[in-house]
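Fold and geometry: a report
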Amino acid sequence: MGIKSEFTGTKRFQLQRQLGSGGFGSVYQVFDQERKTIVALKTLHQTDAESLYRFKQEFRTLADIHHHNLVSLYELMSDEDQWFFYHGASSRGKFSRISLE
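Everything quoted here is computed from the prediction, not taken from an experiment.

Rules and cut-offs
- Residues numbered from 1 in each chain as written.
- Predicted model: local features only at pLDDT ≥ 70, side-chain atom pairs only at ≥ 80, totals over all residues.
- Heavy atoms only, no water.
- Helix = DSSP H or I, 4+ residues; strand = E, 2+ residues; numbered from the N terminus.
- Contact = heavy atoms within 4.5 Å.
- Salt bridge = Lys/Arg side-chain N within 4 Å of Asp/Glu carboxyl O.
- Buried < 20%, exposed > 50% of the residue type's maximum accessible area, 1.4 Å probe, protein only.
- Phe/Tyr/Trp six-rings, centres within 6.5 Å; stacked < 30°, edge-to-face > 60°.
- pLDDT = per-residue confidence, 0-100.

1. Thoughts on the side chain of Thr-43
Looking at where Thr-43 falls in the secondary structure, it is placed in strand E3 (residues 37–44). Thr-43 has contacts with Phe-7, Phe-24, Gly-25, Ser-26, Tyr-28, Phe-55, Gln-82, Trp-83 and Phe-84, leaving out every residue within four places of it along the chain.

2. Quick notes on the pattern of salt bridges
A side chain with one charge may pair with a side chain of the opposite charge, provided their charged atoms come close. Summed over all chains, the structure comprises five salt bridges. Across the salt bridge formed by Asp-32 and Arg-35, the nearest N and O atoms sit 3.9 Å from each other. Note on Asp-32: relative accessible area 0%, which makes it buried. Overall, Arg-35 belongs to the partly exposed group, its relative accessible area being 40%.

3. Focus on the packing of aromatic side chains
Under the counting rule described, the total for this entry stands at seven aromatic pairs. Centroid distance Phe-13 to Phe-84: 5.6 Å. Interplanar angle 85°. Geometry classified as edge-to-face. Remark: Phe-84 occurs in strand E5 (residues 82–87) and Phe-13 occurs in strand E1 (residues 13–21); sequence separation between them is 71 residues. Both residues of the pair, Phe-13 and Phe-84, count as buried. Ring geometry for Phe-59 versus Phe-85: centroids 5.4 Å apart, planes at 50°, classification tilted.

4. Observations concerning unusual backbone geometry
The residue Lys-36 is not glycine, and still its phi comes out positive at about 60°. Positionally, Lys-36 belongs in the loop between strand E2 (25–32) and E3. On the basis of relative accessibility, which here comes to 57%, the residue Lys-36 falls in the exposed class. Its identity is not glycine, yet Glu-80 carries a phi of approximately 60°, on the positive side. Checked against the element boundaries, Glu-80 lands in the loop between strand E4 (73–79) and E5.

5. Concerning the confidence of the model for the protein chain
Taken as a whole, the protein chain shows an average pLDDT of 79; of its residues, 79% reach a score of 70 or greater. Mean pLDDT across the secondary structure elements of the protein chain bottoms out at E4, with 82, and peaks at E1, with 93. This stretch, residues 96–101, has a pLDDT under 50; its non-local contacts, to residues over four places away or in other chains, come to 21 contacts.

Right, dumping it as structure tokens:
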């Protein structure tokens, strides 16, 4: 496993635009065909065991945080060998800043 190419979308997630990128992953604005809404989707650049472990830990840590001013994480998933998690917009209709490192 190695460095993944840029996310181009899946059957479920229709790519709209890239929101940001860092050493660990990239964040995209996508349309979720299942939920019928726009969500932010964070992808993992590298799929080696250590990177995947850190990515899963980040999701678990963020998923446990609940506050009315923060977005909710929805799901950690993979499509073939691409790993990602996603969340919705804030109550103000804007995406929060997601850690890219």
